[in-house]
Amino acid sequence: MYTDDEIEVTAETSPSPNRIDLRLGSRALGRTTSALLLTPRDWSPDSRRTWPVLYLLHGGDDGPECWLTRTDIARRAFEDDVLVVLPDGGRAGFYTRWRAPDQFGTTPDWPRFHLVELRNLVERWYRGSEVRAVAGVSMGGYGALVYAAGNPGLFAAAASYSGMVHTTRPGTPLLLRRYLHTVGERMSAMWGSRWIGRDRWLRNDPYHLADGLVGTPVYLAAGDGNRVRGDPPAPGDRLLERIVGPASHDLARRLASLSWPATTSFGQGTHDWPSWQRELARSWPFLLDALRSPGP
């Protein structure tokens, strides 16, 4: 199994066709974590060819499996010749480099795990190409855009579905603090005080990193907090989207002011998987177009 100074594959299983489950020892996280790979129809670890890679990031209080149980991504990966990577992002990791230990007793550097350790692993051993896209829901939508903005040119496209993409927007810091508290984490360990650590907050806000998105095609989706007829209710899905959704509108306006307009999908929908499955389907041609580009 693959190992180097930073990451080690401690277990590899294939519970179903075209799926690989990895247990990973990560130096960046200081602990064991996981990632799932969804492989396309003709994929083989011994192939001479490589495949474009789509990283899909999960939301808060969730994990990689959510994409398999709540969307049709496995079918899309198989049929459309894309290697899909579903990494763990922590229950409330926020795709960020923490200042102090979290509830697991280590100080995680999620960007280094995802963008260095895991990326190298996928490209060296699992036939991933250098053509990459990234997308995510909620906390993962934040992660997709902050990763793309902080690393211009790394991704051929980035998509956010109901992402918390303006973290310094009035009301959002309080929402973040309360959410972290509910899952046993502390804002002081993640970004610190909103006011004393203002520079850190701004460095972790996609809205204030918008310059870094210029040159990367961006897809922004957000609902209005109203359920589409037939969608099942979920606790807080309407209220949370009404709080979070305007951030995507803010970022769309910011990108337009930089002469780099995003592709947007704004309309009826809530902060839950029926809306996000629809957005995955709507954005799929956008993502495929980027993934089928020649690459760097």
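As a starting point, this report considers the structure included with it.

Parameters at a glance
Residues numbered from 1 in each chain as written. Predicted model: local features only at pLDDT ≥ 70, side-chain atom pairs only at ≥ 80, totals over all residues. Heavy atoms only, no water. Phe/Tyr/Trp six-rings, centres within 6.5 Å; stacked < 30°, edge-to-face > 60°. Helix = DSSP H or I, 4+ residues; strand = E, 2+ residues; numbered from the N terminus. Buried < 20%, exposed > 50% of the residue type's maximum accessible area, 1.4 Å probe, protein only. Lys NZ or Arg CZ within 6 Å of the ring centre and 35° of its normal. Pairing = 2+ DSSP bridges. Salt bridge = Lys/Arg side-chain N within 4 Å of Asp/Glu carboxyl O.

## Overview of the packing of aromatic side chains
Tallied over the full model, the rule gives twelve aromatic pairs. Judged by centre distance (6.3 Å) and plane angle (80°), the ring pair of Tyr-55 and Phe-155 falls under edge-to-face. With Tyr-55 in strand S4 (residues 51–57) and Phe-155 in the loop between helix H4 (139–150) and strand S7 (157–161), the pair connects residues that are 100 residues apart, well separated along the chain. Each of the two residues, Tyr-55 as well as Phe-155, counts as buried. Where Trp-67 meets Trp-273, the ring centres are 5.2 Å apart and the plane angle is 80°; that geometry is what we call edge-to-face. Residue Trp-67 is found in helix H1 (residues 66–70), and its partner Trp-273 is found in helix H9 (residues 273–291); the two are separated by 206 residues along the sequence. Overall, the relative accessible area of 0% leaves Trp-67 in the buried class. The exposure class of Trp-273 is buried, given its relative accessible area of 5%. Within the aromatic cluster, the residues linked to one another by ring pairs are Phe-94, Tyr-142, Tyr-179, Trp-191 and Trp-201. The residue whose ring lies beneath Arg-194 is Trp-195, and the NZ or CZ to ring-centre distance is 4.5 Å.

## Observations regarding the pairing of strand S3 (residues 31–38)
For S3, a buried count of seven out of eight residues is recorded, marking the element as mostly surrounded by other parts of the structure. Direction of pairing for strand S2 (residues 19–26) relative to S3: antiparallel, over a ladder of eight bridges. Of the residues in S3, the one forming a bridge with Ser-26 is Arg-31. As consecutive antiparallel partners, S2 and S3 are separated by four residues, and within that stretch Gly-30 has a phi angle of approximately 75°, a positive value. Here four bridges tie S3 to strand S5 (residues 83–87), and the two strands are oriented antiparallel to one another.

## Some points on the pattern of salt bridges
Enumeration over the complete set of coordinates arrives at 19 salt bridges. Among the ionic pairs, Arg-112 bridges to Glu-6, the shortest N-O distance being 2.6 Å. Here Arg-112 is found in helix H3 (residues 110–125), whereas its partner Glu-6 is found in the segment before strand S1 (7–13), with 106 residues between them in sequence. Note on Arg-112: relative accessible area 33%, which makes it partly exposed. What makes Glu-6 partly exposed here is its relative accessible area of 23%. Ionic pairing is found between Glu-123 and Arg-119, a salt bridge with its closest N-O pair at 3.8 Å. On the criterion of helical spacing, the pair formed by Glu-123 and Arg-119 is a turn pair, its members being four residues apart in helix H3. For the residue pair Glu-123 and Arg-119, the accessibility class agrees, reading buried in each case.

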